[in-house]
Amino acid sequence: MFSWPAIDGPIGPMNDHALRRAARISLGGLTLGSLLALATGPADATGVGPPDVSTVTRLEMLYADQVLFARDGEPLITVRLLEGRRGLTLEAATAIALAPADDPGSRVIAPPGTRWTLHLDAPHRGQTRSWVVAERFSGRDLERVATAHARWRGMGHEVAVFESGTLLGLGGQTLDTRAVTIAISPAPNRTLARKKARQLAGRARIMGTVYDEYLQRPGGWIVARSTDGVVVRARDLLSLDPLEPDGEIALTDVRWPRHGKGTRRYKGKLFALVGTDRRLTIVNLVPAETLIEGVVPSEIFPNAPRAALEAQAITARGMLMSKIGVRHRGEPYQLCAEPHCQSYTGAGAATETTTAAVRATRGKLLVDDGRFTDTVYHSACGGHTEAWHAMWGGARDATMPGVGDGAAVRHAPTEANVAHFIDHPPKTWCAPTARRSKVFRWTVTRTGRQISERVNKKSAIGPVHTIRAVERGRSGRVLVAEYIGRDGRYRARGASLNRRLLGGLKSGLWVASRTGGTPDGEPESWTFRGGGFGHGVGMCQHGAMGLARAGRDVAAILRHYYPGAKIAELW
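Residues numbered from 1 in each chain as written. Predicted model: local features only at pLDDT ≥ 70, side-chain atom pairs only at ≥ 80, totals over all residues. Heavy atoms only, no water.

**Q** Got a sec to walk through the packing of helix α6 (residues 288–299) against helix α8 (residues 352–360)? Specific residues and values, please.
**A** For the pair α6 and α8, the least separation of the axes is 9 Å and the interaxial angle reads 135 degrees. In terms of orientation, α6 lies oblique with respect to α8. Considering the relative orientation of α6 and α8, their crossing is right-handed. Along the contact surface, α6 presents Glu 289, Ile 292, Glu 293, Val 296 and Pro 297, while α8 presents Thr 354, Thr 355, Val 358 and Arg 359. Its residues assigned to classes, the contact of α6 with α8 shows four nonpolar, two polar and three charged. (Axes fitted to C-alpha atoms, helices over the stretch in contact; angles between N-to-C directions. Helix = DSSP H or I, 4+ residues; strand = E, 2+ residues; numbered from the N terminus. Parallel < 35°, antiparallel > 145°, perpendicular 65-115°, else oblique. Left-handed = near helix turned anticlockwise from the far one by under 90°. Contact = heavy atoms within 4.5 Å. Nonpolar A, V, L, I, M, F, W, Y, C, P; charged D, E, K, R; others polar.)

Here it is as structure tokens:
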């Protein structure tokens, strides 16, 4: 039976007040208090016992920002499978245990094949307040955190410090994704916080985003009813645990965005709880390797060469570990099952080839300078990958500097050079399969009115007559674009933002041309010629397949896309 795993270190009693104290750290002057504890050495993931149920509830553990481990040292991950559901139907081929609050003393054993319907009774939203984000620092910049805290307090602001991310040691390597947020001027809701952010931006330089602090969790009754009339009621949390080691629970007749309606099967334990929208949220507690077995076939063709599949398994594992504590802060799960984190479609997606690739690389990740590498990847680079810092900001990352995919691009990314690169691409590793998938080179057309409407939702500049790439990355991807209209100009920073403004382009590698209309008026249409699919940073999946077909092994593929990083086996 899948049991609650061992965890790293003791946990004391934790109610809603304690939860808030754990998430928000008050600083006094230059005394960093709890933050200093975060700077200690990495944790040991083995040799510890399970928590005492009487001192900490399972729901509190789901909300706690802590990595759990199986006794063999393998991390266990909580993944949000579904949210916003009014009801849900599930069944399992093997027996399952349903336990209110995950309490083994009150569990109900359901025989194999029992079908259950879940719904909520008397749910409540919980309570939050929203803060304006002033600054954000690495968890290692403790002195800068203290200085910023004192500066904002000195300006008369109410200040809170929120820590996120994790500090984790595995196999002599350290994962440090800690970030510290300096937040000011709390408001009862996000709308008022955004209004305050706009007001403050006129007087001081701030990030201006909004951070939600949970004051009280959402909750209510989860009701499970079987087809033979058995009813199980659970306050706030219901666990569903297969009694066979490899047992699966099937969520039936569920509609997923972009995937239609169907049934998905999942290994490990499921938790049903109440979301902030007062609807059902389903979370899966699953071993990291089982999760990766469900991710790899969702991210790459299962018939890809073995070396490419193994490269995908290693990069997916590294991306998984790097996102823990960074994504979905304050939620009762660490990751989601969508492309925002990584696509995870459960046990039903696994194939013989992808499972073999995952098991052949068990516990292997890329590391550099004693830390895990955040091995992001994308579908097709179009001939050149993009540098991490150019795409997302921050310091230069030596492991993802942006590389030519076969033939290096040695010219400056001017408009003319990029147009030539798109129209006359060199021989690249990703070209053969990306061409067949229609993502190596592409052309799309939007009407002038469509572009004007999209841009004017961001800034009222009137009909758009000019689109100009102001800044391009090393690969030629547009990082900043300027839109010139009849009534003004608007600059949009970010490759993803500009792709959305232009109607969902496949990548940021594009050039624009106009057709019809007067030179200073809205054209009849815009044509965008481009290359690649995805953000373009890290491993190009189509390129990995090309390298593998050319005889390169998994180590050579990863060296090509992440120069300087090394493979390490961490569990």
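**Q** Explain the nonpolar core to me, and be specific about the residues and the numbers.
**A** Of all hydrophobic cores here, the largest spans 94 residues; its most connected members are Leu 81, Leu 251 and Met 321. By residue number, the principal contributor to this core is helix α7 (residues 306–323), which donates 10 residues. Non-local contacts of Met 321, meaning those with residues more than four positions away in its chain, are made with Pro 75, Leu 168, Leu 170, Leu 175, Leu 365, Phe 372 and Trp 571. (Core = buried A, V, L, I, M, F, W, Y, C linked by side-chain atoms within 4.5 Å. Buried < 20%, exposed > 50% of the residue type's maximum accessible area, 1.4 Å probe, protein only.)

**Q** Tell me about the environment of Ile 206, and please be specific about residues and values.
**A** Tracing the backbone shows Ile 206 in the loop between α5 (190–201) and β14 (210–216). Given a relative accessible area of 16%, Ile 206 falls into the buried group. Distance from Ile 206 to Arg 136, taken between C-alpha atoms, is 9.7 Å for residues 70 residues apart in sequence. Apart from residues lying up to four places away in sequence, Ile 206 is in contact with Val 132, Val 133, Ala 134, Trp 152, Ala 197, Leu 200 and Ala 201.

**Q** I'd love a proper account of α8, names of residues and values included.
**A** Within the sequence span of α8, burial applies to Thr 354, Thr 355, Ala 357 and Val 358. Looking straight down α8, one finds its buried side chains confined to an arc of 160 degrees; they lie on one side. Away from its buried face by more than 90 degrees, α8 exposes Glu 352 and Arg 359. Against α6 and α7 lie the buried residues of α8. (Arc of directions from axis to C-beta.)

**Q** Now, about α6: what can you tell me, with residues and values included?
**A** Compared with the 16 Å implied by 1.5 Å per residue over 12 residues, the 16 Å span of α6 between its first and last C-alpha is a close match. α6 sits mainly inside the fold: nine of its 12 residues count as buried. For α6, the set of buried residues is Ala 288, Glu 289, Leu 291, Ile 292, Glu 293, Gly 294, Val 295, Val 296 and Pro 297. Contacts from the buried residues of α6 go to β4 (75–85), β21 (280–287), α7, α8 and β25 (377–378). (Expected span 1.5 Å × (residues − 1).)

**Q** Describe the pairing of strand β16 (residues 231–235), listing the residues and the values that go with them.
**A** In β16, alternate side chains face the same way, and those of Val 232 and Ala 234 are buried while those of Val 231, Arg 233 and Arg 235 on the opposite face are not. Of the strand pairs in this sheet, strand β15 (residues 219–226) and β16 are connected by five bridges, and their pairing is antiparallel. Bridge pairing in β16 places Ala 224 opposite Val 232. Following β15, the chain reverses through four residues before pairing antiparallel with β16; Gly 229 in that reversal takes a positive phi of roughly 95 degrees. (Pairing = 2+ DSSP bridges.)

**Q** Outline the packing of α7 against helix α14 (residues 541–549), supporting the account with residue identities and numerical values.
**A** It is the contact of α7 with α14, at a shortest axis distance of 7 Å, that shows an interaxial angle of 140 degrees. Compared by their axis directions, α7 and α14 come out oblique. Along this stretch, α7 crosses α14, giving a crossing that reads as right-handed. Contacts from Ala 307, Ala 308 and Gln 312 of α7 reach α14 at Gln 541, Ala 544, Met 545 and Ala 548.

**Q** With reference to specific residues and values, describe the packing of aromatic side chains.
**A** The final tally for this structure, using the stated rule, is six aromatic pairs. Ring plane angle 85 degrees and centroid distance 5.7 Å describe the contact between Trp 510 and Phe 528, whose orientation is recorded as edge-to-face. Placement of Trp 510 in strand β30 (residues 510–515) and of Phe 528 in strand β31 (residues 525–531) is noted, with a sequence separation of 18 residues between them. Residue Trp 510 is classed as buried on the basis of its relative accessible area, which comes to 2%. The buried category is assigned to Phe 528, whose relative accessible area is 0%. Members of the aromatic cluster, joined through ring pairs, are Trp 131, Phe 162 and Tyr 211. (Phe/Tyr/Trp six-rings, centres within 6.5 Å; stacked < 30°, edge-to-face > 60°.)

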